[in-house]
Amino acid sequence: MADAKETITDLKDLKVAKTATSTEATSDKATVVADDAPREPKKDALGRAYATGRRKASIARVWVKRGNGKISVNGKDQRDYFGRETNLLIINQPFLITSRLNQFDIVCTVKGGGLTGQAGAVRHGISRALENYEPELRPAMKDAGLLTRDSRVVERKKTGKRKARRSKQFSKR
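Small disclaimer: the values here were computed from a predicted structure and weren't measured.

Next up on the list: the nonpolar core. With 27 residues, the main nonpolar core has Val62, Phe82, Ile106, Val122, Ile126 and Leu130 as its most contacted residues. Elements that contribute at least two residues to this core include exactly strand S1 (49–55), strand S2 (58–66), strand S3 (71–73), helix H3 (85–98), strand S5 (104–111) and helix H4 (115–133). The element contributing the most residues to this core is H4, with seven residues. What Val122 contacts, discounting residues up to four positions off in sequence, is Ala60, Val62, Phe82, Ile91, Cys108 and Val110.

In C-alpha cells, the structure reads:
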C-alpha cells in the first residue's frame with residue numbers, strides 16, 4: 001500500500017501512464033488521445049448535424065442546422081404534431097438548458113410508440129445532434145441528463161397474471 005495514489009492528479013497520471021503502456025503493447029502506430037482534447041463538430045455537406053434519439057418504443061431521426069427555431073416533426077409543425085404543452089416543453093428542453101432557443105431549425109422523423117415516448121425520443125435526438133453540431137455544449141447537457149437514453153420500457157405481461165404483476169383477485173369462499 002506504499003504506492004497508493006492519494007490525489008486526483010495522481011490518479012490522472014496513473015490513467016495516462018496506463019493508456020500509454022497499453023498502446024505501446026498493442027501497436028507502435030497507436031496514439032494516446034487526451035480526455036480533454038476538443039471534439040470536432042460532425043456536419044454533413046449541407047451544414048446539418050444528425051443524431052438518433054430513442055425512448056420507450058419510439059425512434060427519432062433528427063437533423064439540426066442554423067435557423068430561426070422552426071421544428072418540423074414528420075412534415076408537420078411541432079404544435080400540430082404534439083398537441084400537449086408538456087410534450088412541447090420536453091422537446092424544447094435542450095434549447096433552454098443550452099441557451100440556444102430560436103437559433104436552430106430541426107427536421108425530424110419519428111415512429112413507434114405513443115406521443116409521450118416520441119417526444120422523449122425527439123428530445124434525446126435533438127440533444128445528441130446539438131452535441132454533434134457544437135461539442136462545447138456537451139457538459140451542460142450531460143449534467144442535465146439529456147444525453148442519456150431513458151431505458152425504461154413497459155414490462156411484459158406474464159402468464160397466469162392479469163397484467164405484468166397484477167394477480168387474479170383472491171376469493172376466500
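Once the structure has been displayed, the description carries forward.
Let us now look at the side chain of Asn87. Relative to the elements of secondary structure, Asn87 occurs in helix H3. Exposure remark for Asn87: the relative accessible area of 2% places this residue in the buried category. With residues near it in sequence (within four places) discarded, Asn87 still touches Phe82, Leu115, Thr116 and Ala119.

A separate point is the packing of H3 against H4. Following both chains from N to C, one finds H3 and H4 inclined at 15°, their axes separated by 8 Å at the closest point. One way to sum up the angle between H3 and H4 is to call them roughly parallel. In the crossing of H3 with H4, the sense of the turn from one axis to the other is right-handed. The segment H3 lies against H4, with Asn87, Ile90, Ile91, Gln93, Pro94, Phe95 and Thr98 engaging Leu115, Thr116, Ala119, Gly120, Val122, Arg123, Ile126, Ser127 and Leu130. Here the residues of the contact of H3 with H4 are counted per class, giving nine nonpolar, six polar and one charged.

Next up on the list: the packing of aromatic side chains. In the structure shown here, the tally under the stated rule is three aromatic pairs. Summarising the aromatic geometry, the rings of Tyr50 and Trp63 are spaced 5.1 Å apart at their centres and angled 45° between planes, so their arrangement reads as tilted. Note that Tyr50 is positioned in strand S1 and Trp63 in strand S2, a separation of 13 residues in sequence. Judged by centre distance (5.2 Å) and plane angle (85°), the rings of Phe104 and Tyr133 are edge-to-face. Pair noted here: Phe104 is in strand S5 and Tyr133 is in helix H4, with a separation of 29 residues, a long-range link. Here Phe104 and Tyr133 have matching classes, each one buried. The ring of Tyr133 is capped by Lys43, whose NZ or CZ atom sits 4.1 Å from the centre of that ring.

This brings us to H4. Residues lying three or four places apart along an α-helix face the same way, a consequence of the helix completing one turn every 3.6 residues. The end-to-end C-alpha separation of H4 is 26 Å, in line with the 27 Å expected for 19 residues at 1.5 Å each. For H4, the buried fraction is high: 15 of the 19 residues fall into the buried class.

Turning our attention to the pattern of salt bridges. Taken as a whole and assessed by the stated rule, the structure comprises ten salt bridges. Among the salt bridges present, the one from Arg48 reaches Asp44, with a minimum N-O distance of 3.1 Å. Judged by its relative accessible area of 27%, Arg48 is partly exposed. Among the ionic pairs, Arg79 bridges to Glu85, the shortest N-O distance being 3.9 Å. Relative accessible area serves as the criterion here: at 47%, Glu85 is assigned to the partly exposed category. One connected set of salt bridges, linked through shared partners, spans Arg39, Glu131 and Arg138.

Analysis parameters
Residues numbered from 1 in each chain as written. Predicted model: local features only at pLDDT ≥ 70, side-chain atom pairs only at ≥ 80, totals over all residues. Heavy atoms only, no water. Core = buried A, V, L, I, M, F, W, Y, C linked by side-chain atoms within 4.5 Å. Buried < 20%, exposed > 50% of the residue type's maximum accessible area, 1.4 Å probe, protein only. Helix = DSSP H or I, 4+ residues; strand = E, 2+ residues; numbered from the N terminus. Contact = heavy atoms within 4.5 Å. Axes fitted to C-alpha atoms, helices over the stretch in contact; angles between N-to-C directions. Parallel < 35°, antiparallel > 145°, perpendicular 65-115°, else oblique. Left-handed = near helix turned anticlockwise from the far one by under 90°. Nonpolar A, V, L, I, M, F, W, Y, C, P; charged D, E, K, R; others polar. Phe/Tyr/Trp six-rings, centres within 6.5 Å; stacked < 30°, edge-to-face > 60°. Lys NZ or Arg CZ within 6 Å of the ring centre and 35° of its normal. Expected span 1.5 Å × (residues − 1). Salt bridge = Lys/Arg side-chain N within 4 Å of Asp/Glu carboxyl O.

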